[in-house]
Amino acid sequence: MYSVTSGKAVTGMDYATIYAGDKFFYYNKGGKWAKSESSYYDYYTDSTYTYEVTNLVGGKYGIINAQGEDKGALYDTIYILGYKYNNTYDYGYEDYSYNYGSSKPIVTFKKNDLMGIFASNGNEAVPAQFNSITYDYSSSKLNIMQNNLWGIANLNGKILIDPQYTSLYALGYNYYTGTSNPMYVATNQENKQGIIDTSGNVVFNFRYNWVDSYGYNQGNELVKVSNNSLYGYADRESNEVLACEFEDINEYFNYTTKISIVTKDGKKGFYDRAERKMITEPKYSDVMIYDEKINGLTKVMLGGEVYWDSLSYMNRVRGGKIGYVDSLGVEVIAPLYDNVSYNNEIELYMGNKGKMRDFYDLKGQKVRDGEAKWMSSYIGKKMMENSRIVELSWNS
C-alpha cells in the first residue's frame, strides 16, 4: 500500500478492501465478503432472472490521508455520493460535455447513525450531524437533512441553507431558457410552500400549500397556486390575483391563447390569464377540449348527466344541451341544442333542438334565411333526398 503524495510504503495493514478518494484512501477493516442471490424482472421476456452477487458485510471504515497516516477505522460506512466537475453541471447543461479527468468524488461517511462529509484531503469538512445527505444533480448541491428538516450545502460541505424545511428541491433545468435555475421550492413547518434562492432569501412568499414550480420556472406571469385543495393564481411576487376557490384549473384549453378552464362547484368557466379577468363564470357541465373542433370552435355542454368514459379515461356528459365557444372562451353559439353541425360550403352552423333548427354565421349571428341557404347546398340536397336530419360535422 502506498501513500498518495510520497509513494512510501505503508505497512502493517490488513484491510478487506481499499478505495480511492480525491487525495486520500478509505478502507474497510474486519468486513467479510459474502455471496448472495439477487434478481430482476425483464419486461421484454416477461421473465425473472436470478444472479449471484458478492457484498462486503460488516467491519468498520477508515481513512488514510495524503501523508499515508491511518486515522483509524472510526466509521460505520464511507461511500462516494457523486462527482463534481470543472466548468460544467453534472448533466452537462452548460456545454453538454464532461471533463472526466478533472472530476472529484464527493465522499460522505456515517458515524453513530449520523452523516458527514469529507474534505478532499480526508479530513472531516462537515462533522457527523445529518440524518441524510443526498446529491441534487439538477443544482449540483447537497440536500442535507437534520431532525427531519432539510437544508442545502455546496459540494465542499459548506452549509448554504440551514435545515429548516419539511421538503426542499431544486427548480432544475429550464428548457425554454436553456439554463439551470439556482432556486429551490421549499415547504415550511406550517405546510406553506415558497421559493428561495441559494442563500435562503425568499423570492416567492410562503402563502400557499402548493405552488406550480414548473410554471414559475418557465417564466409564467401568473403562477397556479393552491390552498386547502382549491386552486387560484398569484403573480410572480406571490400576490393573489385569482382567489383559491376552484376545484381545478386547466391551462390546456388552447395552446395559442392564455385561457384557462376553471371549475367551481362542478361547473366550468373561462379565465383570461393575459387580461387577468373572468371571461365566463363557471356554468358549463363540460368543455369538450378533446373532441374534434368545428371550424376551430370548442364544444361546451349545459346540463346532462356526468358519466365515466372508459375509452378516454375521463368524465363526460350526455343528455345536455350543446353550444360552442371560440379560442378565447367567448360563447359563439349558446348551449341550447341537441346537436350542432357546420356546413363549410356556405359557412353556416345549424343547431337542432327537437324539430326546430337555428342557423348561425361564423360570428355567431343568427341568419334568417339560413335554412334556405342550407337546403340549397350539396349537404342540404342530400338531407332532403334522405328525408331526415342527421348530425353533421367536418363536412366538405
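Residues numbered from 1 in each chain as written. Predicted model: local features only at pLDDT ≥ 70, side-chain atom pairs only at ≥ 80, totals over all residues. Heavy atoms only, no water.

### Let's talk about the overall build of the chain
Broken down by element type, the chain carries three helices and 35 strands. Here the chain holds 396 residues, and the buried ones make up 44% of them. Residue pairs at least 24 apart in sequence account for 34% of intrachain contacts in the chain once pairs closer than 6 positions are excluded. Of the roughly 21700 Å² of accessible surface on the chain, 47% is carried by carbon and sulfur atoms. (Helix = DSSP H or I, 4+ residues; strand = E, 2+ residues; numbered from the N terminus. Buried < 20%, exposed > 50% of the residue type's maximum accessible area, 1.4 Å probe, protein only. Contact = heavy atoms within 4.5 Å. Areas by Shrake-Rupley, 256 points an atom, 1.4 Å probe, with all protein chains shown as cover.)

### What to know about the pattern of salt bridges
Counted under the stated rule, the structure contains nine salt bridges. Here glutamate 124 ties to lysine 111 by a salt bridge, and the two come within 3.3 Å at their closest N and O atoms. Taken together, the residues span a long stretch of sequence, with glutamate 124 in strand S10 (residues 124-130) and lysine 111 in strand S8 (residues 104-111) at a distance of 13 residues. Here glutamate 124 falls in the partly exposed class, since its relative accessible area comes to 31%. Salt-bridge contacts for aspartate 338 lead to lysine 321; the nearest nitrogen and oxygen are separated by 2.6 Å. Of this pair, aspartate 338 sits in the loop between strand S32 (331-337) and strand S33 (339-343) while lysine 321 sits in strand S31 (residues 321-325), placing them 17 residues apart in sequence. (Salt bridge = Lys/Arg side-chain N within 4 Å of Asp/Glu carboxyl O.)

### Description of the sheet that holds strand S14 (residues 159-165)
One open sheet holds the four strands; their spatial order is S11-S12-S13-S14, and the pairing between them is antiparallel. At either end of the open sheet lies a strand with only one pairing partner, and these are strand S11 (132-136) and S14. Shown here is a sheet whose adjacent strand axes are inclined to one another by a mean of 20°, direction ignored. Of the pairings in the sheet, the one linking S11 to strand S12 (residues 141-146) comprises five bridges and is antiparallel in character. Across the sheet, residue threonine 134 finds its bridge partner in S12, namely asparagine 143. (Pairing = 2+ DSSP bridges. Axes fitted to C-alpha atoms, helices over the stretch in contact; angles between N-to-C directions.)

### Some thoughts on the packing of aromatic side chains
As enumerated under the stated definition, the model contains 16 aromatic pairs in all. A ring pair is formed by tyrosine 40 and tyrosine 49, whose centres lie 5.5 Å apart and whose planes are at 25°; its orientation type is stacked. Overall, the relative accessible area of 41% leaves tyrosine 40 in the partly exposed class. With a centroid separation of 6.1 Å and 55° between ring planes, the pair formed by tyrosine 40 and tyrosine 51 is classed as tilted. With tyrosine 40 in strand S3 (residues 32-42) and tyrosine 51 in strand S4 (residues 47-57), this pair connects stretches of sequence that are 11 residues apart. By relative accessible area, which is 38% here, tyrosine 51 ends up partly exposed. An aromatic cluster of three or more residues is present, and its members are Phe24, Tyr75, Phe109 and Phe118. Taking the ring centre of tyrosine 231 as reference, the NZ or CZ of lysine 224 above it sits at 6.0 Å. Arginine 236 extends its terminal NZ or CZ atom over the ring of tyrosine 216, reaching a point 4.0 Å from the ring centre. (Phe/Tyr/Trp six-rings, centres within 6.5 Å; stacked < 30°, edge-to-face > 60°. Lys NZ or Arg CZ within 6 Å of the ring centre and 35° of its normal.)

### Some thoughts on the nonpolar core
Ranked by size, the top nonpolar core spans 14 residues in total, and within it Tyr324, Ile333, Val340 and Tyr349 carry the most contacts. When residues of this core are traced back to their parent elements, those giving at least two are S31, S32 and S33. No other element matches the three residues that S32 contributes to this core. Once you skip the residues sitting within four places of it in the chain, tyrosine 324 turns out to touch Ile294, Leu297, Thr298, Lys299, Val300, Val330, Glu331, Val332, Ile333 and Val340. Ranked by size, the runner-up nonpolar core spans 12 residues in total, among them Ile106, Leu142, Ile144 and Leu155. (Core = buried A, V, L, I, M, F, W, Y, C linked by side-chain atoms within 4.5 Å.)

### Observations regarding unusual backbone geometry
With a phi close to 65°, aspartate 113 is a non-glycine residue in the positive phi region. On the basis of relative accessibility, which here comes to 58%, the residue aspartate 113 falls in the exposed class.

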